[in-house]
Each structure stands twice: as structure tokens, then as C-alpha cells.
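Report on the structure
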Amino acid sequence: MTDDPTSLASRIAALFPGPVGVGLVLPGTAADPLGPGEEGHPAGAALRRRTEFAAGRQAARRALAAIGGPLTALPAGPGGVPLWPAGFVGSISHCPGLCAAVVARRTDLAGIGFDAEDATPLEDALVPMVCTPAERARLAGLPVLSGVDWPKLTFGAKEAWYKFQWPQTRHFCGFDAAEVQFLSPGPTGGPF
């Protein structure tokens, strides 16, 4: 993670249309102990996945605290989705070098979808699985920007959408269930 955590948390919060709490944890840092109902998940997973899980739960507790939420365990429900305290919604994401969580009060936002990915390009073999033919045609017409891989951004956007819709619908959707369209590069030349 190259940004300072406070700056990165502010930039993440600015992506959402309502007040949110953001929690950040670097994988491998000393994690808080897992709470009741968290210890056994993910059962049988590799050490790296268990470490990311613990860091994600710690980031989620930090995000809850940032908006005045309760300090509580966040067990995993069906599909591994975090079971947020009553009145709160959120999303946790892991990528190399960062675990992050974004949380809001349900009175402010109906749900949250957030995803963080590393800056490596999406593998060529995955592009047709992630991007519909229409998306691939649109992506081909976008400008080449340093450090931006449009298919990888499409993947991240669809992951965020899935994290938003799953807690509300409990409906599994493939990558073809949503289409992403980037409207224009942002003020810094990047896609946001």
C-alpha cells in the first residue's frame, strides 16, 4: 500500500453517496483476536486465507467504530458473507497488501459493494469469462492509461456489485448478470 492510510480511507469513503466508515489493515500485521463465531471460519483454509479473514474482520470492526457502531464479532453467514450488526451494512475486500472494509448505517445506505484488486492486468484467459462481448467492444475503445487495466477494473466493479446484491437477494449471479460501462476518465486521468 503506497498511500498513507488516512488518505486512502478518505479516498475510499469518497466513492460512496452517503456517510461510511472505512477500516484498513495490512495483511501480516498483528490481528485482533477473532470473536465468537469467527474462529472456525474459513474452516480448513490455508494460513494465508485465514490471515486475510482475520485482517478483514479487524478492518470491519475499525469501520464500524469509525461510524459509531458496536464492537462485536462478525461471524460468516451463508456464502461467507459477514453477518453485520442490526442496522448496519458493509463490505470487506482483500488483495495483496491490503484488507479493507466499508460500513454504513442501513438508514443511510441500503447496501455496500466494495472491492479492491491489485494493479496487475486481468489474465487474458479470464477476460471473456468476466467481460461480455458488448463490454469487450466498449473497453477496446477506451483510452490507454498508465497503470489502468480496463478488464481488471470491470472485474472489480462486478465483484463490488455482487457484494452489494448478495446480502439483499441471496441470488448467485455470474459475471454476465451485470454490465459495466465506464463513462469517462476522472479528473486525475484515471477511471474514477
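What counts and what doesn't
- Residues numbered from 1 in each chain as written.
- Predicted model: local features only at pLDDT ≥ 70, side-chain atom pairs only at ≥ 80, totals over all residues.
- Heavy atoms only, no water.
- Buried < 20%, exposed > 50% of the residue type's maximum accessible area, 1.4 Å probe, protein only.
- Helix = DSSP H or I, 4+ residues; strand = E, 2+ residues; numbered from the N terminus.
- Arc of directions from axis to C-beta.
- Contact = heavy atoms within 4.5 Å.
- Salt bridge = Lys/Arg side-chain N within 4 Å of Asp/Glu carboxyl O.
- pLDDT = per-residue confidence, 0-100.

Further remarks concern helix α1 (residues 5-13). Buried within α1 we find L8, A9 and I12. End-on, the buried residues of α1 take up no more than an arc of 100°, which puts them together on one face. Residues of α1 that are buried make contact with β1 (21-25) and β3 (98-105).

Let us now look at the pattern of salt bridges. Side chains that carry opposite charge are capable of pairing whenever their charged atoms lie near each other. A complete count under the given rule lists four salt bridges for this structure. When the shortest N-O distance is used, the salt bridge between K163 and D115 registers 3.5 Å. Here D115 lies in the loop between β3 and α3 (127-130) and K163 lies in helix α5 (residues 150-169), a separation of 48 residues in the sequence. For D118, the salt bridge is made with K152, and the minimal N-O distance between the two is 2.7 Å. Here D118 is found in the loop between β3 and α3, whereas its partner K152 is found in helix α5, with 34 residues between them in sequence. The buried category is assigned to K152, whose relative accessible area is 11%.

Looking at the protein, the pLDDT average stands at 87 and 88% of residues meet or exceed 70. Mean pLDDT values for the elements of the protein range from 87 in helix α2 (residues 47-66) up to 97 in α3.

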